[in-house]
Amino acid sequence: MAIFVVAHGAWSAGWAWRKMHRPMCAAGHALWTPTMTGIGERGHLAAKTVDLETHIADIEAVLEFEDLRDVVLVGHSYGGIVATAVADRARDRVARLVYLDAFVPEDGQSLLDLVPQATREAMRAAARDEGDGWLVPPNPIPDDTADADAEWIRDRRMPQPLATFEAPLRMTRRAIVQPRSYIYCTRAGPGDPFRRFAEHARASPDWTCHDLDASHSPHVTAPDRLREVLIRTLGDRGRGPFAR
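Source: prediction; values computed, not measured.

**As for the sheet that holds strand β3 (residues 71-76)**
- The sheet built from 6 strands is open, its strands ordered β2-β1-β3-β4-β7-β8 with parallel pairing. Since the sheet does not close on itself, it has two edges, and those belong to β2 (30-32) and β8 (207-212), each with one partner. In this sheet, neighbouring strand axes are inclined to one another by 20° on average, regardless of whether the strands run parallel or antiparallel.
- One ladder, built from 4 bridges, connects strand β4 (residues 94-100) with strand β7 (residues 180-185); its direction is parallel. By the bridge assignment, L97 is partnered in β7 with R180.
- Sitting on the sheet, helix α3 (residues 79-89) touches β1 (3-7), β3 and β4, and the angle it makes with β3 is about 150°.

**Re the packing of helix α1 (residues 18-26) against helix α9 (residues 223-232)**
- Viewed as axis vectors pointing N to C, α1 and α9 meet at an angle of 50°, and their least axial separation amounts to 9 Å. It follows that α1 is oblique to α9 by the angle criterion. Like other packed secondary-structure pairs, α1 and α9 cross with a definite hand, here right-handed. Of the residues in α9, those in contact with K19, M20, P23 and M24 of α1 are P223, D224, L226, R227 and L230.

**Description of the packing of helix α2 (residues 52-65) against α3**
- Running from N to C, α2 and α3 cross one another at 55°; their axes reach a closest spacing of 9 Å. Considering the angle they form, α2 stands oblique to α3. Crossing of α2 against α3: the hand is right-handed. Two secondary-structure elements touch here, α2 through L52, E53, H55, I56, I59, E60 and L63 and α3 through I81, V82, A85, V86 and R89.
- Considered class by class, the residues forming the contact of α2 with α3 number 8 nonpolar, 1 polar and 3 charged.

**What to know about helix α5 (residues 147-154)**
- Those residues of α5 that fall on the buried side of the exposure criterion are D149, A150, W152 and I153. When α5 is viewed along its axis, its buried side chains cluster within an angular range of 160° and face the same direction. Structural note: α5 exposes D147, A148 and R154 on the side pointing more than 90 degrees away from its buried face.
- Against α1 and α8 (218-221) lie the buried residues of α5.

**Some details on the layout of surface pockets**
- A volume near 1100 Å³ is recorded for the largest pocket.
- If you go around the largest pocket, you meet 48 residues; those closest to its centre are W11, N139, P140, F194 and H216.
- Put simply, the parts of the chain that give the lining of the largest pocket at least two residues each are α4 (117-130), β7 and α8.
- Tallying contributions element by element places α4 first for the lining of the largest pocket, with 4 residues.

**Let's talk about the packing of aromatic side chains**
- Going through the model one piece at a time under the given rule, you end up with 8 aromatic pairs.
- Judged by centre distance (5.7 Å) and plane angle (70°), the ring pair of Y78 and F165 falls under edge-to-face. Highlighted residues: Y78 in the loop between β3 and α3 and F165 in helix α6 (residues 162-166), separated in sequence by 87 residues.
- By relative accessible area, which is 1% here, Y78 ends up buried.
- Accessibility expressed as a relative area gives 1% for F165, which makes it buried.
- Plain terms: the ring middles of Y99 and Y182 are 6.4 Å apart, the flat faces sit at 10° to each other, and that makes the pair stacked. With Y99 in strand β4 and Y182 in strand β7, this residue pair connects regions lying 83 residues apart in the sequence.
- Given a relative accessible area of 1%, Y99 falls into the buried group.
- For Y182, a relative accessible area of 0% gives the class buried.
- An aromatic cluster is built from W11, Y78 and F165, whose rings are joined through pairwise contacts.

The rules behind the values
- The residue numbering used here restarts from 1 in each chain and proceeds along that chain's sequence as written.
- Reporting in this predicted model follows two pLDDT cut-offs: at least 70 for local features of residues, and 80 or more for side-chain atom pairs to be given and counted; totals over whole chains, interfaces and linings ignore these cut-offs and use all residues.
- Computation of side-chain values: all heavy atoms of the structure, hydrogens and water removed.
- Whether two strands pair comes down to DSSP finding at least two bridges between them.
- For the purposes of this entry, the term helix denotes a DSSP run of H or I that reaches at least four residues, the term strand denotes a run of E that reaches at least two, and both are numbered from the N terminus.
- Inter-axis angles, ranging from 0 to 180 degrees, are taken between N-to-C directions of lines fitted to C-alpha atoms, where helices are fitted over the stretch in contact.
- The contact criterion used throughout is that any non-hydrogen atoms of two residues lie within 4.5 Å.
- An angle below 35 degrees is treated as roughly parallel, one above 145 as roughly antiparallel, one from 65 to 115 as roughly perpendicular, and anything else as oblique.
- By definition, any crossing whose near helix is turned counterclockwise from its far helix by less than a right angle is left-handed, and any crossing with a clockwise turn is right-handed.
- Put simply, Ala, Val, Leu, Ile, Met, Phe, Trp, Tyr, Cys and Pro go in the nonpolar bin, Asp, Glu, Lys and Arg in the charged bin, and everything else, Gly too, in the polar bin.
- A 1.4 Å probe rolled over the protein chains alone gives each residue an accessible area, and that area as a share of the maximum for its type sets the label: buried under 20%, exposed over 50%, partly exposed in between.
- Starting at the helix axis, one direction is taken to each C-beta atom, and the arc is that of these directions.
- Using protein atoms alone on a 1 Å grid, points that fit a 1.4 Å probe yet trap it form a cavity, whereas open point sets bounded by protein on both sides within 12 Å along at least five of seven lines form a pocket; residues with an atom within 4 Å of a point count as lining.
- Grid points are joined across faces, edges and corners, and a volume is the space filled by probe spheres set on the points.
- Here is the rule: rings of Phe, Tyr and Trp (six-membered ring for Trp) pair when centre to centre is within 6.5 Å. Planes less than 30 degrees apart are stacked, more than 60 are edge-to-face, and the remainder are tilted.

Laid out in structure tokens, this is it:
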């Protein structure tokens, strides 16, 4: 049995992974989907002071207090930045790192450093105009999401503190040592920011890259296909720093 722990994407929470629990359990694996501070069922804790370090501490605390070891840490989208830091700081607990259509940062980079300038400016403008200066509204739901799922998502996603996107990653040892895999969702939307990370992973002997026929949130739109790929990553062997 493998233990998968998810660092979820922006504006989302553990609830968004509901469809994955039964398939992973049926395959004999455990799936933990903690919610980070300020969103989902922890939305009442949203504050200007909630930043990237808060979310890193959230996931680290789950590993520590649940005494989880040898985990496969899955970072989805924004969660790739959180997962990178957790894999660096909790090396005795994280055995493998999987980026699911996720950002792969270098030391000192924030999410806003990894998106085009137009996107960066749009997120800050949305926080200023719609989020009291510190909350960023959710981005659009992928077009291929079923109507019922879109309604379910729309009712639950929440604005996220701008500081979580602006705060830079601070590595403690500068290199990730665990085997790393990248899962690239091939039904990319406009201005796909993840292709370059997948291309690097595909070209590097230190990574394994898997393509998934799905849009950006396969845990909602393609849970069975995602389960198959996640289980496949257990055999991946790549390791070493994400060097450009």
